[in-house]
Amino acid sequence: MVRLFAASSAGRTRPADDAHDRHALPDRGDQSDRRGHSSCQGSATAPTETGPVQPYLRSRPRVTVLSDDGQNGVGMPNPGSEHTGARIKRARLNAGYTQRELAEHTYLSLGTIRKVEQGERLPTVGTLTAVARVLHVTVEDLTGQPYRHRPQDEQVHAPIAGIRAALRHWDLPPDWFDRPRPLHEVRTDVTTALEYRSAGRLSRLGQLLSGLIEELTASVHQHEGRDRRQAARLLSFTYDMAHTLTYRLGYPDLRGQVEDRLRWSAGLADDPLLVALAEYDRVQTFKSAHEYDAGLRIMEMARRRLVEEATTRGPEYITVLGGMRLRDVTLASRLGDPAATKHHISEARKLLEQLPNQDDRRHYRLIFGRGNLAIHEVQASVELAQLEDAEKTIRSTVLPASVTPTRRSAWHVHAARAYVAAGRPKKALEELKEARATAPQITKYRPMARDAATLLNLQFRHAPEDLRALNSWFGINLSS
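Predicted model, so just to flag it, every value in this text is computed and none were measured. (Residues numbered from 1 in each chain as written. Predicted model: local features only at pLDDT ≥ 70, side-chain atom pairs only at ≥ 80, totals over all residues. Heavy atoms only, no water.)

Engineer: If you had to explain empty space enclosed by the protein to someone new, which residues and values would you point to?
Structural biologist: One pass over the full model with this rule turns up four cavities of 30 Å³ or more. Considering only enclosed or pocket space, the largest cavity measures out at about 940 Å³ in volume. Its residues placed into classes, the lining of the largest cavity shows 15 nonpolar, 15 polar and 12 charged. (1 Å grid on protein atoms, 1.4 Å probe; cavity = no way out; pocket = protein on both sides within 12 Å on 5 of 7 lines; lining within 4 Å. Points joined across faces, edges and corners; volume = space filled by probe spheres on them. Nonpolar A, V, L, I, M, F, W, Y, C, P; charged D, E, K, R; others polar.)

Engineer: If you had to explain the environment of Leu352 to someone new, which residues and values would you point to?
Structural biologist: With respect to the element layout, Leu352 can be found in helix α16 (residues 338–352). Between the C-alpha atoms of Leu352 and Leu373, which are 21 residues apart in sequence, the distance is 8.9 Å. The contacts of Leu352, once residues within four sequence positions are left out, are Gln358, Phe368, Gly369, Arg370 and Leu373. (Helix = DSSP H or I, 4+ residues; strand = E, 2+ residues; numbered from the N terminus. Contact = heavy atoms within 4.5 Å.)

Engineer: Go over the packing of helix α13 (residues 272–288) against helix α14 (residues 292–309), please, and point to the residues and values.
Structural biologist: Remark: α13 packs on α14, axes separated minimally by 9 Å, with the N-to-C direction vectors making an angle of 180 degrees. As summarised for this structure, α13 and α14 are arranged roughly antiparallel, according to the angle between their axes. The residues of α14 that touch α13, namely those facing Pro272, Leu273, Val275, Ala276, Glu279, Tyr280, Arg282, Val283, Phe286 and Lys287, are Tyr292, Ala294, Gly295, Ile298, Met299, Ala302, Arg305, Leu306 and Glu309. Of the residues that constitute the contact of α13 with α14, the class distribution is 13 nonpolar, one polar and five charged. (Axes fitted to C-alpha atoms, helices over the stretch in contact; angles between N-to-C directions. Parallel < 35°, antiparallel > 145°, perpendicular 65-115°, else oblique.)

Engineer: Could you give an account of helix α10 (residues 202–222), with specific residues and numbers?
Structural biologist: Here α10 contains 21 residues, and its C-alpha end-to-end distance of 30 Å stays within 8% of the 30 Å for a straight helix at 1.5 Å per residue. A maximum bend of about 30 degrees is found in α10 at Leu209. Extensive coverage of α10 is indicated by the burial of 20 of its 21 residues. (Expected span 1.5 Å × (residues − 1). Bend = angle between axes of the 7 residues up to and from the residue. Buried < 20%, exposed > 50% of the residue type's maximum accessible area, 1.4 Å probe, protein only.)

Engineer: Quick one: what's the story with the nonpolar core, residue by residue and with numbers?
Structural biologist: In this structure, Val190, Leu306 and Met324 are the most contacted members of the largest nonpolar core, which totals 120 residues. Per element, the largest residue contribution to this core is 10 residues, and it comes from helix α11 (residues 225–249). (Core = buried A, V, L, I, M, F, W, Y, C linked by side-chain atoms within 4.5 Å.)

Engineer: Outline the confidence of the model for the protein chain, supporting the account with residue identities and numerical values.
Structural biologist: Chain-level pLDDT for the protein chain is 81 on average; 80% of the residues reach the 70-or-more range. Low pLDDT, under 50, characterises residues 1–24; the stretch is placed with 58 contacts to residues that sit more than four places away or in other chains. The low-confidence segment residues 26–81, where pLDDT is below 50, has 126 contacts with residues more than four positions distant or belonging to other chains. (pLDDT = per-residue confidence, 0-100.)

Engineer: Tell me about unusual backbone geometry, and please be specific about residues and values.
Structural biologist: One non-glycine residue with positive phi stands out, namely His290, at about 70 degrees. Here His290 is to be found in the loop between α13 and α14.

Engineer: Can you break down the packing of helix α17 (residues 370–383) against helix α19 (residues 405–421) residue by residue, with the values?
Structural biologist: The contact between α17 and α19 brings their axes to 9 Å, and the two run at 25 degrees. Of the possible angle classes, the one that applies to α17 and α19 is roughly parallel. You can see that α17 and α19 cross each other, and the crossing is left-handed. In contact with Asn372, Ala374, Ile375, His376, Val378, Gln379, Val382 and Glu383 of α17, α19 contributes Arg407, Ala410, Trp411, His414, Ala415, Arg417 and Ala418. By residue class, the composition of the contact of α17 with α19 is eight nonpolar, four polar and three charged. (Left-handed = near helix turned anticlockwise from the far one by under 90°.)

Engineer: Explain the pattern of salt bridges to me, using residue names and the numbers behind them.
Structural biologist: Across all of its chains, the model carries 24 salt bridges by this definition. Across the salt bridge formed by Arg365 and Asp281, the nearest N and O atoms sit 2.3 Å from each other. Linking Arg365 in the loop between β1 (361–363) and β2 (366–368) with Asp281 in helix α13, this pair joins segments that are 84 residues apart in sequence. Residue class for Asp281 comes out buried when judged on its relative accessible area of 0%. Here Glu377 makes a salt bridge to Arg349, at a shortest N to O gap of 2.5 Å. Separated by 28 residues along the polypeptide, Glu377 in helix α17 and Arg349 in helix α16 bring together distant segments of the chain. (Salt bridge = Lys/Arg side-chain N within 4 Å of Asp/Glu carboxyl O.)

Engineer: With reference to specific residues and values, describe the packing of aromatic side chains.
Structural biologist: Scanning the model with the defined rule gives four aromatic pairs in all. A centroid spacing of 5.4 Å and a plane angle of 80 degrees characterise the contact between Trp176 and Phe177, whose relative ring orientation is edge-to-face. On the accessibility criterion, Phe177 (1% relative accessible area) is buried. Here the aromatic rings of Phe237 and Tyr364 are separated by 5.8 Å at their centres, their planes lie at 45 degrees, and the arrangement is tilted. Here Tyr364 lies in the loop between β1 and β2 and Phe237 lies in helix α11, a separation of 127 residues in the sequence. Each member of the pair, Phe237 together with Tyr364, is buried. The lysine or arginine in question, Arg313, covers the ring of Tyr317, its NZ or CZ lying 4.6 Å from the ring centre. (Phe/Tyr/Trp six-rings, centres within 6.5 Å; stacked < 30°, edge-to-face > 60°. Lys NZ or Arg CZ within 6 Å of the ring centre and 35° of its normal.)

Here is the structure:
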């Protein structure tokens, strides 16, 4: 006999018709983005700041989260006290490579390896993935993720064990699960979670996800026909949010599981745009593995499939297609291909012309508009070491109000990286402070933000008070 899930919040009485089922989540996210901030604080269903979130969980025993000792392996120093270059040096020595040998195997210059290891240069993502591939470690090993070096970090990491358990249950028989709530009630929680992600509130997002994954998995297995497709649709959005969380916090193994589950649920939902989203997320694994050319090929196939199968050509379609082009920009720049990068930026601009006002909007999680295009242009310029182009874009761009806090934070982090590389520490510090103010949790757990702050300490003769405060907030301990 199956049992009912207990409700985690009240006030959910609105049933939905087919149109609402199909479009409510992307449209709700779009409205939040147009305001430039999340509306979750004003939501009747959002948990309060003081009260804990009570996610839907099975009545069976939960997995317990073990405490972390703050070390990255037996006898290894606390990663919070190191910059990425120091970790690269340690991994290189453990693998038995000289600096020259590592440079030869990664196709990087010897000067780049030396300056990165000494903390004189901020490594690009392309550099990190090339080094990780040769040394047979993960990018997260080099960046020090997951960042769990202080007690206050545990709140944001605590839900990971529950998410792991929920992902394991994806193919259990229907009678194993408790009976889920009606879909229109679950949808409200999914919408709340989407708002938390848009605002960059990772701890709140994580507290909701394990219960949602479990309950929506039950819905997929216990429903048929239209209800099953709608449950699969909601589960796909929930998996995508789990992908965001595991990526931000630095759990590549878990992220890979989420990508597989998302492809499964998107196929059940019978929605070409969700299938495209699943392929978009899947490419993240190829990015981490330094397989940028393979990632570009997957994106090309996904675009062709979307063009063939999409039944409409409205804003949702343009936004998803545009978001996929922006991923191409990232892949091409990390591949070190300026011509391909320029081509994909040009194609993105053509799509941008088809959007009213060119404002940033979110559909199926992908964000596309003039603001996010500018963010990707700066990021690409930094990856390609085109610092003059990066600074030109920074100076000439005013981000529209439609840019979400998480994307605005990314803008400031990439600008800080550009200024660090250009030897302008005061400007870099101001950008990092803006990133922190805009989306604190996203910035705190972004490796490039942490490394930029670490290298700033070497560029200032005497670290100003603002930088010392930033060091403390990131957990950077330079005296260790």
